[in-house]
Amino acid sequence: IIRDKGAAKATREPWTVRAHPNPFNTAVHFTVFSASSTPISFRIYDLRGHLVNQFDRQLVANGRNADGQRVSSGVYLYVVEQRPFPHAGKVLFIK
């Protein structure tokens, strides 16, 4: 979900990302607050740096990797890029 509600302007960053709920056990939704219409790329990695999944438009992670297999419980890192500014954060998946 991409929204412009001025949240990005209220911080020093050009845009912000919220993951909710966090921790999650079935799905986590990411909301990007941005004043720009520049396309974003969104990737999720495990702690070893392996790509778990990537999204172009749908910003919902359902606890499955790109092959549709369930991932293990644990901490996952997300990277959202809206050029020229990247943003990284973490989410906790609990089965």
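Residues numbered from 1 in each chain as written. Predicted model: local features only at pLDDT ≥ 70, side-chain atom pairs only at ≥ 80, totals over all residues. Heavy atoms only, no water.

Examining the overall build of the chain
Line of reasoning, step 1. Tallying secondary structure elements over the chain gives one helix and eight strands in all.
Line of reasoning, step 2. Going from the N terminus to the C terminus, the chain shows its helices and strands as β-α-β-β-β-β-β-β-β.
Line of reasoning, step 3. By the burial criterion, 37% of the 95 residues in the chain qualify as buried.
Line of reasoning, step 4. Accessible surface, the chain as shown: approximately 6,100 Å² in total, 51% of it carbon and sulfur. (Helix = DSSP H or I, 4+ residues; strand = E, 2+ residues; numbered from the N terminus. Buried < 20%, exposed > 50% of the residue type's maximum accessible area, 1.4 Å probe, protein only. Areas by Shrake-Rupley, 256 points an atom, 1.4 Å probe, with all protein chains shown as cover.)

As for the pattern of salt bridges
Line of reasoning, step 1. Under the definition given, this model contains two salt bridges.
Line of reasoning, step 2. Note that Arg43 is salt-bridged to Glu81, the shortest N-O span being 2.7 Å. A residue pair is termed long-range when its members are at least 10 positions apart, and Arg43 in strand S4 (residues 41-45) and Glu81 in strand S7 (residues 74-82) qualify at 38 residues.
Line of reasoning, step 3. Arg48 serves as the salt-bridge partner of Asp46, at 3.4 Å between the closest nitrogen and oxygen. (Salt bridge = Lys/Arg side-chain N within 4 Å of Asp/Glu carboxyl O.)

Side note on the confidence of the model for the chain
Line of reasoning, step 1. Averaged over every residue, the pLDDT of the chain is 79; residues scoring 70 or more account for 82%.
Line of reasoning, step 2. Low pLDDT (under 50) marks residues 1-11, which in the prediction has 24 contacts with non-local residues, meaning those over four places away or in another chain. (pLDDT = per-residue confidence, 0-100. Contact = heavy atoms within 4.5 Å.)

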